[in-house]
Amino acid sequence: MRNLFNPDNAVMNFIGKLLDCFFLNVLWLVCCIPVVTIGASTTAVYYCSIKLAKDEPVSVLHDFFHSFRANFIPATKITLLFLAVGIILGLDGFIFLHFPIRGALWCIGMGFLALFCVCYAIILLYIFALLSRFDNTVKNMIFNSFVIGIRFIFCTIIIAAIHFIVFFIAIRLFTPLIFLGMGLTSFLSSYFLKNVLFYIEESQNKRAI
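First things first, this report covers the structure right here in the doc.

Right, let's talk about the overall build of the chain for a bit. What the chain contains, in helices and strands, is eight helices and zero strands. In terms of overall dimensions, the chain has C-alpha extents of about 70 × 50 × 35 Å along its principal axes. Out of the 209 residues belonging to the chain, those deemed buried represent 39%. In the chain, of all internal contacts separated by at least 6 residues, the share reaching a separation of at least 24 is 68%. For the chain, the exposed surface amounts to about 12500 Å²; the carbon and sulfur share of it is 75%. Here the chain contributes 14 positive and 9 negative side-chain charges, whose respective centroids are spaced 6 Å apart.

As C-alpha cells, then:
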C-alpha cells in the first residue's frame, strides 16, 4: 500500500501526468480565447508535453508561460498566416462543393485543393512542436515542418490519428475527455515527436562538428 502512493510508482506517475495534461488543457483553452494567441498557446503546450514525454522535470505553470512569452511573436505570425490560408481553403472548398457544373476541370481543381489541405495539415501537426524546441525564421519553420512531415510519414499518420481519435471520442463518445483535450493530444503525440526531435538535434550536432 505504501508503494502505491510513492511518487515514483508507475501508477502515481501516470496519474500525475494526466493531471498535468488537465492543467495544460485549461491553460491552453484560457490562453486561446483571443484567437490570435492559439499558436503561442499550442507551442507552450508542446514545450511542456515533450518534457513530460521525455520524463524531464516540468513545472506546468512556469514552463507554459515561459514558452508562451518566448515564442509569442513567431507563433502569432504563424497563427495569422495559417488562419488566413485556412479561411481561403475553406472558401475554396465551399465554392467547389456548391459548384453547379462538375467535369474534368472540377475534378482537377478538387484534387489540387485536397493536396493543399493535406500539406496544410502536415505543417500544422509539426510547426508548433518545432517552434517550442528550435529557433528559426517563420519561412524555414514552415518548410522544415513539411519536409519532416513527409520524411517521417508514419509518425505523421500516427499523430494525425491521435488528434482525430481523441477529439472524436471527446465529442461523440465520452464528453468528459474534453477536459484533457489538447493537453492529452499533445502529450500522446509527444511520445512520437520526441524521437523525431532527437533525430533533428543529432543531425544539427553532427553538422556543427
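Attention now moves to helix H4 (residues 72–97). In a regular helix each residue adds 1.5 Å, so 26 residues correspond to 38 Å; H4 covers 36 Å between its end C-alpha atoms and thus fits that length. Restricting attention to buried positions, one finds in H4 the residues Ala75, Thr76, Ile78, Thr79, Phe82, Leu89 and Gly93. In the core, the buried residues of H4 are packed alongside helix H2 (38–53), helix H5 (104–131) and helix H6 (138–151).

As a further point, take the pattern of salt bridges. Counted under the stated rule, the structure contains three salt bridges. Here Asp63 and Lys51 are joined by a salt bridge, their closest N and O atoms 3.5 Å apart. With Asp63 in helix H3 (residues 60–70) and Lys51 in helix H2, this pair connects stretches of sequence that are twelve residues apart. As far as the burial class goes, Asp63 and Lys51 line up, both buried.

Further remarks concern the environment of Cys31. Its place among the elements puts Cys31 in helix H1 (residues 10–31). Owing to a relative accessible area of 12%, Cys31 belongs among the buried residues under this scheme. In the structure, Cys31 is positioned 169 residues away from Ile200 in sequence and 29 Å away in space, judged by C-alpha atoms. Apart from residues no more than four positions distant in its own chain, Cys31 is found in contact with Thr37, Ser41, Phe64, Phe65 and Phe68.

Taken together, the side chains of Leu105, Ile108, Phe112, Leu115 and Phe116 define a hydrophobic patch exposed on the protein surface, amounting to about 570 Å² of accessible area. As for its placement among the helices and strands, Phe116 is situated in helix H5. Judged by its relative accessible area of 51%, Phe116 is exposed.

Rules used throughout
- Residues numbered from 1 in each chain as written.
- Predicted model: local features only at pLDDT ≥ 70, side-chain atom pairs only at ≥ 80, totals over all residues.
- Heavy atoms only, no water.
- Helix = DSSP H or I, 4+ residues; strand = E, 2+ residues; numbered from the N terminus.
- Buried < 20%, exposed > 50% of the residue type's maximum accessible area, 1.4 Å probe, protein only.
- Contact = heavy atoms within 4.5 Å.
- Areas by Shrake-Rupley, 256 points an atom, 1.4 Å probe, with all protein chains shown as cover.
- Lys, Arg positive; Asp, Glu negative; His and termini not counted.
- Charge placed at Lys NZ, Arg CZ, Asp CG, Glu CD.
- Expected span 1.5 Å × (residues − 1).
- Salt bridge = Lys/Arg side-chain N within 4 Å of Asp/Glu carboxyl O.
- Patch = residues over 30% accessible without salt bridge, like charges linked within 9 Å, V, L, I, M, F, W, Y side chains within 5 Å.

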